[in-house]
Every structure is written in C-alpha cells, then in structure tokens.
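Structure at a glance
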Amino acid sequence: MEWSQGYFTELGYTFGYYREMSPAILRLSCLSRGVEARIRHAPSYLELGFGQGVSINIHAAGSSGSYWGCDFNPAQTVEARRLSEASGANVQLFDESFEEFAARGDLPQFDIIALHGVWSWVSAANRATIKQIIRKRLRPGGIVYVSYNCLPGWAPIVPIRHLMSLYQRQSGDMSGPTQVIEAALQFTKEIADAGSMFFKQNPFAGHHLGDLVRQDPNYIAHEYLNADWHVDHFSDVAESLAEAKLTFVGSARPLDNIDAVQLSPEGQAHIAKFSNPLMRETVRDHLVNRRFRSDIFVKGPRKLSNVEQREAWHSQAFVLSVHADEIPKKITSGRGDIELPAALYDPLIEVFAADLMQIKRVGDLARHPKLSGIELPQLIESLVVLTGAGFLQPAEEPTDRVLNQCRALNRYIVQRARVSTDLCYLVSPLTGCAIGVPHMIQLFIQALDKGLEGADELASHVWGFLEEVGERLVKQGTKIESDSENIDELRILAERFLKTGLPTLQSLRIVEGPASTRINGLGMAK
C-alpha cells in the first residue's frame, strides 16, 4: 500500500488548536473527577497524528517538558517543525507511520499520549498499533486523551459521508482536490433535491449538507474522504482501550462532566440511576445526541481522598482569558442556553477582573470577602463552568524558559501574519494554552511592536498593509470599497482592541506592558 494508507493527503489538515489536549486542562479535568493526575511539572508528552502541529507546539512552548509527535504526512511535518524551530522548545517531530514510530528504540515513557480525531480515521491495524504504543510507552498513572466521532449524533450523517466518499472513489482523475470536494457535494445535493426520502425523513441530514457547503475544503477532505472512517459508541471505544490497561475517567471538556449544565432535570434524574461508566456515558450520549467525544483514560487511576481533593483545589489557580465585559449572561450547553446566576457569577467575575486580572488561587477565592456566601463545592463548580465556557484558564507563574519560548513562538506567528491568515492563535505562558487571536488583531500587535500607539496609528498601519496586498475589509458579508470607510472601520476595530483585547493579552502575558507605553508586542519591553 502507498505511504498514505488511504488517508486523504492532497489537501493539508486545518490549522486548528485544541486546548483539551493541554496538560493544564487534562490536570483540571482529572481533578474535577476526583482522580489524581500524575503529570509531572515538565511532562513527557506524545501526540499521535499532530496535523499541522499547532497544538503540540503551543503546549510545548508553554511547558518545560519534552514533546514528541508522529504524523506520516511530510508536508505537515515541515509546517510543524517551523513552529518548533521558532519557539526553541523541546519538540521532536517525525514523519513516520505509527508502525514505524512504535519500532523506534529511543522512545521514553510518556506521562501523556494524545490523539485528536485520529481514532476515527485510521484502519483497524493502526488502531492496534496505537494500543501497542500506549501499552508499552505510557507510564503507570499516565493519561491518554482521545477524541473521536461517536454515535448517536453521527447516525443521520453517515449516509452523506458514504455518498461523498463513493463519488470520490468512482470519479477518477479530476483537476484537483478542491474540485473533487465540490463535485462530491454537488452529487450529494442533487440526490437530496431529487426527492430523496432519506433526506425528507431525516431533516437534520439536509441541514448538515447545507452547512458543509460553507465549510473549509481542508476540513471536509480529512473528515469525509479518508479510506478509513469510523463512528463508534463510547462503550466500544472504552472496551477496546481497556486492552491497553486504560480506564475511563471523564471528558476533557469541563462542561461535559457537569450534569446540571448538560442535562434537563428529567435527564439528570434518569442518568442518576446508572453507576456503571459504560452505561452512564452511553445514556448521556443519547440524552444530548453527542456526535464527538473528547475522553480521558488513565492507566491505573487513583481516586483522591476528600482531604486530597480539597488541598488540590485550594492550590489550583485560574486567570481570566477574556475581558470581563465580554462574558455573557448565558452559555450554550447540551440542554441549550442556560443562564449564569448573577448572584453567583457576577461577584466571581468581578474578583477575577480586579488587580489587572492577575491569577487567583481557589483557596484565596474561598476567603475573599466578596465571595464569602459561596460554599466551596459551589465555587468549584462555577470555576469549572467558566473554564469550560472558555472564560477562565488554569494558570501558574511561568519559568523564564517558558516565557522565552512563548515570546519566540508568538513573535513568529505575528510576523507570519504578513503572508498568511491561517494561524490565528497565540500562546500564554501563564496558562500553557492558546487563545484565538484573529489575523486583524495580529496586525494590530505588529503595529504595537513598531512602537505605534492609539487607534488612529494602529488603523493607519493595518490600512497600509491592506493596500499593499490589495485587500479590503468585509462588513456584514459585503466588501468595503471606499478608502475612508475602510479606515473608519479599522479605527473602530482598533479602539475595541485597545479597550478590551489588549488588556486581556497583557494579563495573559501574550503582550507585556501597559497600553499607554510603547512596547514590543511580543513580550520585550523597549
């Protein structure tokens, strides 16, 4: 078989980032389930199938550990190595098959082994090799993160994937991979428009097909057009990974572990009947119609005592990852939109927003006079909810090494923004994770790095760049043609950035220095 083993390689994978794979979130998720996370301060970390390498390089930059990665696509390995060379972090990346990687004689014992989506897109033989790597190379007490497409949520979509994949295999040579995807979508849409009873009786499938037309072709290629493609029930995955001595602990998505957030009162009452994890998680998946899981398994998990849990929570620290003014009153969950009770969340967010949004430990929060009426379990659940919703991040004071690695990687990404718009994340040395920083904001950071100040100067800088590359802003789906209107819109965006975006980036140590002074936007005071 050819080196790609049936995997769609004509288009590269997307430049996505997945914070659930970070050591910080994995630690927090284990703690929220009352399980000890045996992750060292400088962890040994392996990512199988790293794609463009965004997640592994961000987590390596934000850590003092050693990071290993394997992805058989050489073009993606080239991209990933550019990021590792920029940060100078301890990253080793290999363009090998899983079988070749498993045979290496220089592999250490890993604290964490992570796979994002890979389990859904590889053959049975590769799944067996993955389990072999886990069994031989994961430390006792180590963590496996595995995300995958699951049932029942994917059930009405499986036929769409089959039609598109069949069309691709039968269509023969075409002018290019993007044209293959467009033709496969058109083929499937024509079946739906021809009075298909499947689409009539499964309206969600029709809605999904409509959404696919607006998706990135790179995503469609890797999600739908691989030779191997599996959707599993949770119980099937758990039973398979048990062969590698793994035990399910919980979800790496903090909100998924909170029944009150995910389930209706009726659903909560029903799921309370089940203590067996296989039954409980399968029932939960049906109650929320889950189609994607991000699971944590541990090789020999140890339950923490009540005293140990309390001590661990008291030492856990968090920091705001968005400006307090941007936190909504409602969040979206498995049961729809739910309201964040003002009496509980407003004072908590106010405390986090104070003192230039410095990191706060749970023990200090529990003693804070503004939070005195909140019991510790309620405080902890609120922190997990805010973290799961993306408004808080686990945090700790960084070492000089981590600071330098993050500065170097962020500098490279921001400079790259002059030639590419596909990498929209910067790493925080406080959290070891990334936050989304759109291309426009990266251009504003470039302006700060040049010593420019104020909304007018930032807008002028970005307008000069847009003129140079022949681009215009798009507002509400319409391109703005007038020079003056473009500059006016850029000024509005710059004002918003200086008011809310920049303070948040400063609090996360992505940009350092007060907004009123000239700074190097990548962490080095002038």
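Summary of the structure given here. Since the model is a prediction, treat every value here as computed from it, not as a measurement.

Going through the model one piece at a time under the given rule, you end up with eleven aromatic pairs. Taking the centre distance of 6.0 Å and the plane angle of 50 degrees together, the rings of Phe94 and Phe101 count as tilted. Using a relative accessible area of 0% as the deciding quantity, one classes Phe101 as buried. Each member of the aromatic cluster is reached from another via a ring pair, and the members are Trp68, Phe94, Phe101 and Phe110.

With respect to the helices and strands, Thr129 occurs in helix H6 (residues 124-137). Sequence separation between Thr129 and Phe98 is 31 residues; the distance between their C-alpha atoms is 6.5 Å. Ignoring any residue separated from it by four or fewer positions in sequence, one finds Thr129 in contact with Phe98, Glu99 and Ala102.

Another aspect to go through is unusual backbone geometry. That bond from Leu151 to Pro152 is cis: its omega, 15 degrees, falls within 30 degrees of zero. The phi dihedral of Asn289 falls on the positive side, at around 55 degrees, and the residue is not glycine. When you line up the elements, Asn289 lands in the loop between helix H15 (277-288) and strand E7 (292-298). In this structure, Gln476 takes a positive phi of about 55 degrees despite not being glycine. By the element assignment, Gln476 lies in the loop between strand E15 (474-475) and strand E16 (478-479).

As a further point, take helix H19 (residues 376-388). An ideal rise of 1.5 Å per residue puts 18 Å on 13 residues; H19 measures up with 18 Å between its terminal C-alpha atoms. Listed in full, the buried residues belonging to H19 are Leu376, Leu379, Ile380, Ser382, Leu383, Val384, Val385, Leu386 and Thr387. At the exit of H19 stands Gly390, carrying a positive phi of roughly 95 degrees.

Moving on to the sheet that holds strand E8 (residues 317-320). Reading across from one edge, E11-E8-E12 is the order of the three strands in this open sheet, with antiparallel pairing throughout. A strand with exactly one partner marks an edge of an open sheet, and here the two such strands are strand E11 (360-361) and strand E12 (392-394). Of the pairings in the sheet, the one linking E8 to E11 comprises two bridges and is antiparallel in character. The residue of E11 that forms the bridge with Phe318 is Lys360.

The residue Arg491 is located in helix H23 (residues 483-507) in this model. For Arg491, a relative accessible area of 27% puts it in the partly exposed group. Ignoring sequence-local partners within four residues, the contact set of Arg491 consists of Ala455, Asp456 and Ala459. Separated by 2.6 Å, the side chains of Arg491 and Asp456 make a polar contact.

Rules and cut-offs
- Residues numbered from 1 in each chain as written.
- Predicted model: local features only at pLDDT ≥ 70, side-chain atom pairs only at ≥ 80, totals over all residues.
- Heavy atoms only, no water.
- Phe/Tyr/Trp six-rings, centres within 6.5 Å; stacked < 30°, edge-to-face > 60°.
- Buried < 20%, exposed > 50% of the residue type's maximum accessible area, 1.4 Å probe, protein only.
- Helix = DSSP H or I, 4+ residues; strand = E, 2+ residues; numbered from the N terminus.
- Contact = heavy atoms within 4.5 Å.
- Expected span 1.5 Å × (residues − 1).
- Pairing = 2+ DSSP bridges.
- Polar contact = N/O pair within 3.5 Å; in protein donor to acceptor, adjacent residues only side chain to side chain.

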